[in-house]
Amino acid sequence: MAQERTGGARVGATGVIRQISEVSGWIAATMILGAVFLTCQMIFIRFVLNGSTVWQTEIVVYLVVAATLLGLPFVQKHKGHVNVDLLPMWLGPKGAKLLRVATTLSSLCIIGVCSFYGYEYWHLALTRGWTSDTVTAVPLWIPYLALPVGFGLLFLQLASDCADTFFNLSEKSNGAV
Amino acid sequence: SELRLSHQWSTKDIRHNVAQMVADEVAAADVDLTIKIFPSKSLFKPREQYKPLSRGQLDMTVFPLSYAGGQRPAFNLTLMPGLVKNHDHASRLSDSPFMDELKAEMEKDDVMVLVDGYLAGGFVGKDKCITRPEDVSGLQTRAAGKSFEQMLVGAGASIASMASSEIYSAMQTGVLDAANTSSSSFVSYRIFEQVSCYTPAGDVALWFLYQPLLMNKSTFEGLNSSQQESLLAAAEKAEAFYLSQAKIQDAASVEVFREAGVEIAEMTPADFKAWRALAKDTAYKSFVESVPNGQFLLDLALSVE
Amino acid sequence: MDPLLLGSVVGLITILILFSGISVAMGLLLVSAVFLVIFDGMRSLELMPEIFFGKLDSFALLSIPMFIIMGASIASTRAGADLYEALERWLTRVPGGLVVSNLGACALFSAMSGSSPATCAAIGKMGIPEMRKRGYPEEIATGSIAAGGTLGILIPPSITMIVYGIATETSIGRLFLAGVIPGLLLVSLFMAWSIYATWRSGERSAAQVSYSWSDRVEILPRVLPFIAIIVGVLYAMYGGVATPSETAAVGALLCLLVAMVIYRLLSPRSLWAVLRDSTKESVMILFIIAAAGVFSYMLSSLFITQSIAAWIGDLEVNRWVLMAAINFFLIVAGFFLPPVAVILMAAPILLPVIVSAGFDPIWFAVVLTINMEIGLISPPVGLNLYVINGIAPDISLKKILVGSLPFVLCMLVAILLLCLFPGLATWLPDLVMGPAY
Ligand code: NA
Ligand code: NA
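Residues numbered from 1 in each chain as written. Chains lettered and ligands numbered in written order. Predicted model: local features only at pLDDT ≥ 70, side-chain atom pairs only at ≥ 80, totals over all residues. Heavy atoms only, no water.

A. Representation of the overall build of chain B. For chain B, the helix and strand inventory stands at 11 helices and 12 strands. For chain B, the proportion of its 305 residues judged to be buried stands at 63%. A separation threshold of at least 6 residues defines the contact pool for chain B, and within that pool the share at least 24 residues apart is 77%. Put simply, chain B shows about 10,900 Å² of open surface, and 49% of that area lies on carbon and sulfur atoms. (Helix = DSSP H or I, 4+ residues; strand = E, 2+ residues; numbered from the N terminus. Buried < 20%, exposed > 50% of the residue type's maximum accessible area, 1.4 Å probe, protein only. Contact = heavy atoms within 4.5 Å. Areas by Shrake-Rupley, 256 points an atom, 1.4 Å probe, with all protein chains shown as cover.)

Spelled out as structure tokens, the structure:
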């Protein structure tokens, strides 16, 4: 019973994380689409109306940067990040398993570091009131927010993948006994 | 010990030469201090240098101070149209109470100035000369810096914002009709191949950009006294070199454009006055509105003869 | 430590980490972090998100997701099949006509897509089953599409050219033009090989279908949307409407509209599928670009980049020996790493060496791209091989590899021709945009 309940809670937690990653991906996709429309709007204003296009380039860039960061957990969820698994193939099943634990943990570490310092950088921009050095003067905490959020969600998705493989492995070995 | 200096220019640029000069002088002084230069944005992107400098991650940089205008709005005065008339005026400005105020602002970011220096720039037109505000009306224009964009909008120009590296192809395909940037960028991006007229910095010029050699203050204070002295001595020598080279740079750019068969236009004092009047209503006004002690700083700058 | 020795240590550890199965981008971040902490101190970790953000903060890069959307939206329609079918009806008498048609379709499709896997998928989805049905050998059916797909990054628009342009500050418009003639040369070589291979394997095994002239004329209008898109994008890019980086947005919008209006791609589900796939590919590539940016900051900060460049520059070797060595290095790097990662890590080191040895950076971009194309169809990381594997899961990877090997040789021939006649790459950009500087 108790085991079932923790199992259910775990599935619940990873399920929620997977949902969040999916939503994050939708937001990223919308931002990319928004960047397409905004760039076309800029070309229209400039080429057809011969008007000023001061702010568009900057916003478009921020949209794509934010889309990249928010897309990270989504791509992780769908196993879309490219990797080279030469060593695991060469090491055989047991070594591969160990190596996978090592790579997952080091991924968690490095993404954790990026989330933490990403948060710090965002916080610095917020408290010091940094803006971009353009006429638009975008408050930089807005685009920088994508750093802690994107890396943070990637961290969660990585942790959830990690939990999944770990529990799957242990459940399988339990079944064997 | 070793100091790291980063800048965005090639090793042929005068701003690199200034940095190199300081590095060489310090090395010659034999005070156990070396300066390692990272040119051509090989370490940080041009606009990303001030933050690591102020946090002590980078020791020195040659840096257009207005790039950091988003962090210290007062710095926007270092690329304000019509504020500086010519190189000698710029040099007087560097030693004025106005600059002391700016240096106090830098100190808040733990940044200090080693070498003062201004570089000038001008306008290019694809089909016609640009000397007066009326000339840019209706043209797709690329301006260097926020204040210039505001002033040009006031003159009826349409602003297209892009990196200076894109000016060449944008002029070529006709996306852009006019552009404004530094003399050295005009030459290094070979803009003279695409334009019919160049308005360089002459006796009067609108476009002056403060590009000092900056250093992290705590790092400087962490050096021993002989190291500090040799660094300051090197900086003084480099500053004189910087000023003389800046003037030569403008003349050289005119020569390059002339050889390429580009018409050279001149801005008269009356033209300059017209631009400055326009700037007062646009760029100056918006600066004063957006910076708490803006009017005070602007008056200080304008009071320098 | 001597920077060159340190460089070898960093190189070795990077290879080990990347081969461990960690994702390429995270591996690069990890290696960078470790060496930054050791040599620049703990505090340099502070800089990582800042540099990561800064590397992405570039207007030219944003064209990457847009060129991907271009390809993905058209790929989700019947357009790819229309394209090779039209070519097939006209080329039916040529031996191996269907293979040649598929290769031609790949080349045409490349003119709309900036990425190779997208091109591969667009044509292969319909092309491979059709070729198998008609009895073409499986090696040729899969190998030709895998290789044809690589044209996506040579024939403009091209993601790798954009990345190269940003890394080396060369004009993206010029780089795009430089890929055109080598792209045509390469597809001709591919076609020549396919004709020979099908002829040798016994033409009769492949079923001949004959078409009447009315069949041939009737299909032409179905190719019109392609022509319209390509002309539209070219006009936007070279006709003064937009800069090359902005043109991508025009292309993406055009392709989305064409897919929706002409190919009736209207259901929210299929539109989301297009957007989802483009987002996935873009984010994957941009993540690698940003991580490679952090990696190259580390290399530069430890003075490794500068030392290697100086070291190569001081080697007194013949410039062609140097070029051969560089090509060898690039091909090997391409075996293991995705193109954008190789370009971002290698370009800052190689470009000064290339230029001082008297090679043209635009010409080099083309040679580099063809090297990267080889990597796309070679193990262990060959993005196109995965795509083919997804389309035809029942064909073994070995067969696909055997099928693509001859095309790799074609690419090597193309590199050789480019070395003999550099004008193949530089003539068109010089003609359209004036002499280079
Ligand atoms: Na392409
Ligand atoms: Na490969």
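Now that the structure has been shown, we can carry on.
B. Highlighting the UniProt feature "transmembrane region" (unreviewed entry) in chain A. All names here are of chain A. In this structure's numbering, the residues bearing the UniProt feature "transmembrane region" (unreviewed entry) are residues 26–47, 59–77, 98–118 and 138–159. A helix fraction of 100% and a strand fraction of 0% characterise residues 26–47, whose end C-alpha atoms lie 31 Å from each other. Secondary structure content for residues 138–159 is 82% helix and 0% strand, and the end C-alpha separation is 34 Å. (UniProt positions renumbered as here; feature names shortened; annotations may be inferred.)

C. Representation of the coordination of the sodium ion (ligand 1) in the model. All names here are of chain C. At 2.2 to 2.4 Å from the sodium ion (ligand 1) lie its protein donor atoms, namely S110 (O), S113 (O), G152 (O), I155 (O) and P157 (O). In terms of primary sequence, the donors binding the sodium ion (ligand 1) are separated according to S-x2-S-x38-G-x2-I-x1-P. Of the two residues, S110 is situated in helix α6 (residues 97–110) and P157 in the loop between α8 (138–150) and α9 (159–168); the sequence distance between them amounts to 47 residues. Overall, S110 belongs to the buried group, its relative accessible area being 0%. For P157, a relative accessible area of 4% puts it in the buried group. (Donors = N, O, S within 2.8 Å, 3.2 Å for Na, K, Ca; no water.)

D. Representation of a nonpolar patch on the surface in the model. Residues and elements named next belong to chain C. Together, M1, L5, V9, L12, I13, V34, I38 and F39 give the surface a local cluster of nonpolar side chains, amounting to about 740 Å² of exposed area. Of all the secondary-structure elements, those providing two or more residues to the nonpolar patch are α1 (3–19) and α2 (24–40). Of note, V9 is situated in helix α1. V9 gets classed as partly exposed once you look at its relative accessible area, which sits at 32%. (Patch = residues over 30% accessible without salt bridge, like charges linked within 9 Å, V, L, I, M, F, W, Y side chains within 5 Å. Salt bridge = Lys/Arg side-chain N within 4 Å of Asp/Glu carboxyl O.)

E. Highlighting the interface of chain C and chain A. Listed by partner, the interface residues are 53 residues for chain C and 58 residues for chain A. When chain C packs against chain A, close to 4,800 Å² is buried across both sides, 84% of that on carbon and sulfur atoms. When the buried surface of chain C facing chain A is broken down by residue, C:M26, C:P49 and C:F53 rank first, second and third, together holding 13% of it. Joining chain C to chain A, the criterion identifies 1 salt bridge. Across the pair C:E246 and A:R46 runs a salt bridge whose closest N-O atoms are separated by 2.6 Å. Our count for the chain C to chain A interface comes out at 7 residue pairs in polar contact (both at pLDDT 80 or more). Among the residues making up the side of chain C that touches chain A, the classes are represented as 40 nonpolar, 7 polar and 6 charged. (Buried area = accessible area lost by both parts, 1.4 Å probe. Polar contact = N/O pair within 3.5 Å; in protein donor to acceptor, adjacent residues only side chain to side chain. Nonpolar A, V, L, I, M, F, W, Y, C, P; charged D, E, K, R; others polar.)

F. Just α8(C), in detail. Residue and element names in this part refer to chain C. Here α8 spans 19 Å end to end across 13 residues, near enough to the 18 Å set by a 1.5 Å rise per residue. In terms of residue burial, α8 counts as a mostly covered element, since 11 of its 13 residues are buried. Among the residues of α8, those classed as buried are I140, A141, T142, G143, S144, I145, A146, A147, G148, G149 and T150. Its buried side turned inward, α8 meets α6, α7 (116–133), α11 (180–200), α19 (361–376), α20 (383–391) and α21 (397–420). (Expected span 1.5 Å × (residues − 1).)

G. Fine view of the packing of helix α4 (residues 97–108) of chain B against helix α11 (residues 294–302) of chain B. Residues and elements named next belong to chain B. Viewed as axis vectors pointing N to C, α4 and α11 meet at an angle of 140°, and their least axial separation amounts to 8 Å. If you check the angle between α4 and α11, you find them oblique. Only F296, L297, L300 and A301 of α11 make contact with α4, whose side of the interface consists of P97, F98 and E101. Residues belonging to the contact of α4 with α11 are distributed by class as follows: 6 nonpolar, no polar and 1 charged. (Axes fitted to C-alpha atoms, helices over the stretch in contact; angles between N-to-C directions. Parallel < 35°, antiparallel > 145°, perpendicular 65-115°, else oblique.)

H. Fine view of the nonpolar core. Ranked by internal contacts, the top residues of the largest apolar core, which has 267 residues, are B:M106, B:W275, C:L29, C:F52, C:I64 and C:F364. If you look at the next biggest cluster of nonpolar residues, it comprises 30 residues, including B:W9, B:V22, B:I35 and B:F220. (Core = buried A, V, L, I, M, F, W, Y, C linked by side-chain atoms within 4.5 Å.)

I. Spotlight on unusual backbone geometry. Here the bond from C:P156 into C:P157 is cis, since omega is -5°, no more than 30 degrees from zero. Unusually for a residue other than glycine, B:D110 sits at a positive phi of about 60°. Position of B:D110 relative to the elements: it lies in the loop between α4 and β4 (111–115). Not every positive phi belongs to a glycine, and C:R264 is a case in point at roughly 55°. Within the secondary structure, C:R264 sits in the loop between α14 (244–261) and α15 (268–301). On the accessibility criterion, C:R264 (57% relative accessible area) is exposed.

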